[in-house]
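Fold and contact review
One letter stands for each residue in the lines below.
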Amino acid sequence: MHPAFSVIIFTTLSGAGFGLLACLGLCAIAGGLPDNQPFAFVSIVLALGAVTIGLLSSTFHLGHPERAWRAFSQWRSSWLSREGVVSMLTYFPALVFAGGWVLLGRSDGIFALSGLLMSVLAMLAVLCTAGIYNSLKPIPAWHNNWVLPNYLALSAMSGILLLTALAGIFGYATKTMYAASLALITLALICKLAYWRFIDTTPAASTPESATGLGALGTVRLFKAPHTSENYLMKEMGFRIARKHARKLRIISVLFGFVLPFLLLAAANMSGGVTGTGLSVAAVCLSLIGLLTERWLFFAEAKHVVTLYYGRRLDAKTH
Amino acid sequence: MTSLPQQTGKQLGLVIDLDVCVGCHACAVNCKEWNTGGVAAPLTDINPYGEDPLGVWFNRIHSYETNKAGKGTTVHFPRSCLHCAEPACVTVCPTGASYKRAEDGIVLVNEDLCIGCKLCSWACPYGAREYDYDAGVMKKCTLCIDKIYNENLDPADRVPACVATCPTSARTFGDFADPNSAVSKLVRERGGYDLMPEMGYRPTNKYLPPRKKEAGEAPALAPIMESQQAGFLGWVDRLLSSV
């Protein structure tokens, strides 16, 4: 699948933003958020900013962005519509929570409950994003049970990394935050590796034979393409990356997204203080590079069954 | 609404006979001709006379060759919207632009509601939807809805453009909900089948497989008859053969 830049930015940034909102809400309900206006302000701006920039970015790849509001209407059947609706709903408890924490310096009572609701909705929004991809049967790399855990774990991981760095900057980093960061990085990495193992080893259910129904006559090979230049289908669904690049990009993604942030945060946990804060900020920056690479691969490595009509096999070793 | 109708009155669609199709692309050309002036008009072409033309077509004609232990067949294969009974292209649409008509099962796009998110084209295993980069909306086969119901046309002409133009009558249009329609009979008699049944979209359009080649067919390049030489050389040939 063609990795549209706007969609990669959207899913990564809004995933991180929703993750941070979820972490903040859970901290509030656990009574762990300090009354510190700058900390509150920067956290909220960063979380809602990432979500908002991500959502706006997602409209850039539309043919008619001015009609984007229509996408709220079909939540009964469409995961994309559900994602839009839940994303918007998340703003309501988020703004109540933000008002309490930033303006009144309170994150208890009604504000903690808003925080909890905000956490639930934020994770539901990420679930809807995953649902969009998971629901697409023609793309086997997406239509499987590993997509949802991946999106949730990666969102939670980027959220806790952001929170740990922010808490460090304002002097509130705790051992629990570091421990949660290390645990979520490990969990997300396991999900990602399991996903890659699944898409690498699962044989394709659809073949040129099932696509044409000509299997009884033998193996089917494209003899003559319907057109001499690329059409929309080939541009959008027929995206190719060299296998060797996929491997290198996976290594980059694992290294920057998970391994280096883990090591930096483990070191930050031990050193603490200003050095610890510096290390956690570095971990966030590196993980962003890794996650953007991971998201690019999520699209670029996914093959669509329509390419079977254009002479490809889905489980062929060469992309 | 992108929720699907429980049941459609008629179930209009096509039967495509792969035994008869000669791969002439006339159906694709007439489709383009009719529909670039019809409800989905225009079927935009970008750089049509340049090096790398890119345009919207509702019908694409592939040619495949099959290979079974060295024996092969060439099969021409028209590919267009199958107007599925369970079209995920409709249910994924966030705006309600895509819909399946309850009265006849035709899957359509309301271009005024389409935001051009392209998700429907991702949801279609058959590549039926092509995005119009110029108009910023998705386009697809309408089963010539502006032709099949057009009362200004002679009743014989109220069939999709691809069907009307096919020189070998490889395409048949009709109502699959009626067990006595020409399409239903063809499917029964010739073993009409679904493309990619494993996807579970339950396509309306059916394909008829190429007929089995006649048994006892001569292998390629075998001599048609033994030569019977006359005269002296024939006598030598017969003599040497009998030794």
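What you see is a predicted model, and the numbers here were worked out from it, not measured in a lab.

**Concerning the overall build of chain A**
When helices and strands are counted, chain A shows ten helices and one strand. Listing every helix and strand of chain A by position from the N terminus yields α-α-α-α-α-α-α-β-α-α-α. Computed over the C-alpha atoms, the radius of gyration of chain A is 22 Å, within 12% of the 20 Å expected from 2.2 N^0.38 for a compact globule of 319 residues. Across its three principal directions, the C-alpha atoms of chain A cover 75 × 45 × 30 Å. Taking as baseline every contact in chain A between residues at least 6 positions apart, the subset at least 24 positions apart corresponds to 79%. Carbon and sulfur atoms form 72% of the exposed surface of chain A, whose accessible area is close to 13200 Å².

**Some words on the overall build of chain B**
The secondary structure content of chain B amounts to seven helices and eleven strands. Every one of the 243 residues in chain B was classed for burial, and the buried ones make up 52%. For chain B, long-range pairs separated by at least 24 residues make up 60% of all intrachain contacts whose partners lie at least 6 apart in sequence. Surface summary for chain B: the accessible area is close to 11900 Å², and the carbon and sulfur share equals 54%.

**Things to note about unusual backbone geometry**
All names here are of chain B. The omega torsion of the bond from Ala-41 to Pro-42 falls at -10°, within 30 degrees of zero and hence cis. Of note, Pro-42 is situated in the loop between α1 (26–35) and β2 (45–46). A positive phi angle, near 45°, is found at His-83, a position not held by glycine. When you line up the elements, His-83 lands in the loop between β5 (71–80) and α2 (88–91). On the basis of relative accessible area, His-83 is assigned to the buried category, the value being 0%. A positive phi angle, near 50°, is found at Arg-202, a position not held by glycine. The topology assignment puts Arg-202 in the loop between α6 (182–190) and β11 (206–208).

**Considering the domain arrangement of chain A**
Residues and elements named next belong to chain A. What the domain assignment reports for chain A is domain 1 (1–135) and domain 2 (187–319). When each unit is reduced to the centre of its C-alpha atoms, the spacing between domain 1 and domain 2 is 26 Å. With nine residues of domain 1 at the interface, the matching set in domain 2 holds 14 residues. Carbon and sulfur atoms supply 75% of the area that domain 1 and domain 2 bury against each other, a total of about 1200 Å² over both sides. The largest contributions to the domain 1 side of the interface with domain 2 come from Met-1, His-2 and Thr-12, which together make up 54% of the buried area. Scanning the region where domain 1 abuts domain 2 turns up four residue pairs in polar contact (both at pLDDT 80 or more). Looking at which element gives the most residues to the side of domain 1 that touches domain 2, the answer is helix α1 (residues 5–29), with five residues.

**Structural notes on the pairing of strand β4 (residues 59–68) of chain B**
Residues and elements named next belong to chain B. For β4, the buried fraction is high: seven of the ten residues fall into the buried class. Relative to β5, β4 is paired through ten bridges, and the arrangement is antiparallel. Looking across to β5, one finds that Lys-68 is bridged to Lys-71. Between β4 and the antiparallel strand that follows it, β5, lie two residues; Ala-69 among them carries a positive phi value of about 50°.

**Focus on the interface of chain A and chain B**
Every contact between the two is made by 58 residues of chain A and, on the other side, 59 residues of chain B. Around 4900 Å² of area is buried between chain A and chain B when both sides are counted, 59% of it from carbon and sulfur atoms. Of all residues in chain A, Leu-217, Tyr-232 and Tyr-309 of chain A give up the largest surface area on contact with chain B, accounting jointly for 15% of the area buried on that side. In this assembly, chain A and chain B are joined by one salt bridge. Across the contact surface, chain A and chain B share 29 residue pairs in polar contact (both at pLDDT 80 or more). Within the residue set of the side of chain A that touches chain B, elements represented by two or more residues are α3 (79–103), α4 (110–134), α7 (208–212), β1 (219–224) and α8 (232–237) of chain A. Of the residues forming the side of chain A that touches chain B, the biggest block, six residues, is contributed by β1 of chain A. Of the residues contributing to the side of chain A that touches chain B, the split by class is 31 nonpolar, 18 polar and nine charged.

**Concerning the nonpolar core**
Leu-24, Tyr-133, Trp-142, Leu-163 and Tyr-309 of chain A together with Trp-122 and Tyr-126 of chain B are the most contacted members of the largest nonpolar core, which totals 150 residues. The contacts of Tyr-133 of chain A, once residues within four sequence positions are left out, are Val-7, Thr-11, Trp-142, His-143, Val-147, Tyr-151, Phe-298 and Phe-299 of chain A together with Trp-122 of chain B. Residues Val-15, Phe-176, Val-183 and Val-187 of chain B belong to the second largest nonpolar core, which totals five residues.

**Focus: the sheet that holds β4 of chain B**
In spatial order, the strands read β1(A)-β4(B)-β5(B); together these three strands make up an open sheet with antiparallel pairing. Of all the strands in the sheet, the pair left with one neighbour each is β1 of chain A together with β5 of chain B. When strand polarity is set aside, the average angle formed by the axes of neighbouring strands in this sheet is 35°. The sheet contact formed by β1 of chain A and β4 of chain B spans five bridges and is antiparallel. The residue of β4 of chain B that forms the bridge with Lys-224 of chain A is Ser-63 of chain B.

What counts and how
Residues numbered from 1 in each chain as written. Chains lettered and ligands numbered in written order. Predicted model: local features only at pLDDT ≥ 70, side-chain atom pairs only at ≥ 80, totals over all residues. Heavy atoms only, no water. Helix = DSSP H or I, 4+ residues; strand = E, 2+ residues; numbered from the N terminus. Rg over C-alpha atoms; globule rule 2.2 N^0.38 Å. Contact = heavy atoms within 4.5 Å. Areas by Shrake-Rupley, 256 points an atom, 1.4 Å probe, with all protein chains shown as cover. Buried < 20%, exposed > 50% of the residue type's maximum accessible area, 1.4 Å probe, protein only. Domains from an automatic or database assignment. Buried area = accessible area lost by both parts, 1.4 Å probe. Polar contact = N/O pair within 3.5 Å; in protein donor to acceptor, adjacent residues only side chain to side chain. Pairing = 2+ DSSP bridges. Salt bridge = Lys/Arg side-chain N within 4 Å of Asp/Glu carboxyl O. Nonpolar A, V, L, I, M, F, W, Y, C, P; charged D, E, K, R; others polar. Core = buried A, V, L, I, M, F, W, Y, C linked by side-chain atoms within 4.5 Å. Axes fitted to C-alpha atoms, helices over the stretch in contact; angles between N-to-C directions.

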